[in-house]
Amino acid sequence: MKHKRLELPNLPYAYDALEPVISKKIMELHHTRHHLAYVTGMNAAMDRLEKARAGEGLDIDYKATMRDLSFFTNGHKLHSIFWQNMRKTKKDNAPSGALLEKIEEQFGSFEKFQAEFAGAAKTVEGSGWAALVADGEDLHVIQIQNQNLMTIVETKVLLLLDVWEHAYYLDYQNDRGKYVDAFWSIINWDDVAARLV
Ligand code: MN
């Protein structure tokens, strides 16, 4: 049985659409180099596993291969959601309707949710993500280290912020906090709301 291979998805906007929050240069590199590397990494792991299953390479390093399977698959999935989570800068950008009510019910207010999400994003140790996830009826803010550590299984990912240095260093150097604070104006809340239902 052959597993399907991943493909790099197109962005739902032009590379310069998120300026000035995220530059065209970062978006180009992030999509065509970094995301592509996760796609090819996952496909290479599948190639190794299929060879082993066919008896052509029984000496594969299972530990390394399964680390790759998890790391690269999540890298691909996380970036695919992250691209959809963003759109052109919008003034007074905020959620509304059922999503806003849910956030207020779960976090106390939108401002308290912002404080928690930004707090998570700014304090991820090394490379990783801040994520808003739904665990059944409950919403949680979590930190994901690298692409695959500290996540919670069987949750639905609603909103992501990539805080790997490759996501902001060209624009913000080491000031991750400034990047996190600028993120609020480019969140596509319609996309986030669609993931909740
Ligand atoms: Mn990234």
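Residues numbered from 1 in each chain as written. Predicted model: local features only at pLDDT ≥ 70, side-chain atom pairs only at ≥ 80, totals over all residues. Heavy atoms only, no water.

Chemist: Mind showing me how you'd approach the overall build of the protein chain here?
Modeler: The secondary structure content of the protein chain amounts to 7 helices and 3 strands. In the protein chain, the succession of helices and strands from N to C terminus is α-α-α-α-β-β-β-α-α-α. For the protein chain, the C-alpha radius of gyration of 18 Å lies close to 16 Å, the compact-globule estimate for 197 residues. Projected onto its principal axes, the C-alpha positions of the protein chain cover 60 × 40 × 30 Å. (Helix = DSSP H or I, 4+ residues; strand = E, 2+ residues; numbered from the N terminus. Rg over C-alpha atoms; globule rule 2.2 N^0.38 Å.)

Chemist: What is the right way to look at the packing of aromatic side chains in this model?
Modeler: The geometry of an aromatic ring pair comes down to the distance between the two centres and the angle between the two planes. This structure, assessed with the given rule, holds 17 aromatic pairs. Taking the centre distance of 6.0 Å and the plane angle of 70 degrees together, the rings of Y38 and F71 count as edge-to-face. You can see Y38 sitting in helix α1 (residues 24–53) and its partner F71 sitting in helix α2 (residues 62–84), a full 33 residues away along the chain. As far as burial versus exposure is concerned, Y38 and F71 are alike and both buried. Taken together, a centroid distance of 6.0 Å and an interplanar angle of 80 degrees make the contact between F113 and W184 edge-to-face. Note that F113 is positioned in helix α4 (residues 110–123) and W184 in the loop between α6 (176–182) and α7 (189–196), a separation of 71 residues in sequence. Relative accessible area serves as the criterion here: at 0%, F113 is assigned to the buried category. The ring of F71 carries R67 above its face, with NZ or CZ at 4.1 Å from the centroid. Its guanidinium or amino end placed over the ring of F72, R67 lies 5.8 Å from that ring's centre, counting from NZ or CZ. (Phe/Tyr/Trp six-rings, centres within 6.5 Å; stacked < 30°, edge-to-face > 60°. Buried < 20%, exposed > 50% of the residue type's maximum accessible area, 1.4 Å probe, protein only. Lys NZ or Arg CZ within 6 Å of the ring centre and 35° of its normal.)

Chemist: Explain α1 to me, please; I cannot follow it from the model alone.
Modeler: Think of an α-helix as turning once every 3.6 residues; residues three or four places apart then point the same way. Its 30 residues give α1 an end-to-end C-alpha distance of 42 Å, which sits within 8% of 44 Å, the value for a rise of 1.5 Å per residue. Approximately 35 degrees is the largest bend angle found in α1, and it occurs at H30. Of the residues flanking the end of α1, it is G55, one or two places downstream, whose phi is positive at about 80 degrees. (Expected span 1.5 Å × (residues − 1). Bend = angle between axes of the 7 residues up to and from the residue.)

Chemist: Explain the sheet that holds strand β1 (residues 128–135) here, please?
Modeler: Hydrogen bonds between backbone groups are what pair the strands of a sheet, and the pairing can be parallel or antiparallel. Pairing is antiparallel in the open sheet, where 3 strands are placed in the order β2-β1-β3. At either margin of the open sheet sits one strand with a lone partner, and together these are β2 (138–145) and β3 (156–162). Taking each pair of neighbouring strands and ignoring which way they run, the sheet shows an average axis angle of 20 degrees. This element, helix α3 (residues 97–107), spans β1 and β2 of the sheet and lies at about 80 degrees to β2. (Pairing = 2+ DSSP bridges. Axes fitted to C-alpha atoms, helices over the stretch in contact; angles between N-to-C directions. Contact = heavy atoms within 4.5 Å.)

Chemist: Sorry, what's going on with the environment of D138 here?
Modeler: Relative to the elements of secondary structure, D138 occurs in strand β2. Judged by relative accessible area, which is 38%, D138 ranks as partly exposed. In the structure, D138 is positioned 32 residues away from Q106 in sequence and 7.2 Å away in space, judged by C-alpha atoms. Leave out the neighbours within four places in its chain, and D138 touches Q106 and V133. Among the polar contacts listed, one links the side chain of D138 to the side chain of Q106, at a separation of 3.5 Å. (Polar contact = N/O pair within 3.5 Å; in protein donor to acceptor, adjacent residues only side chain to side chain.)

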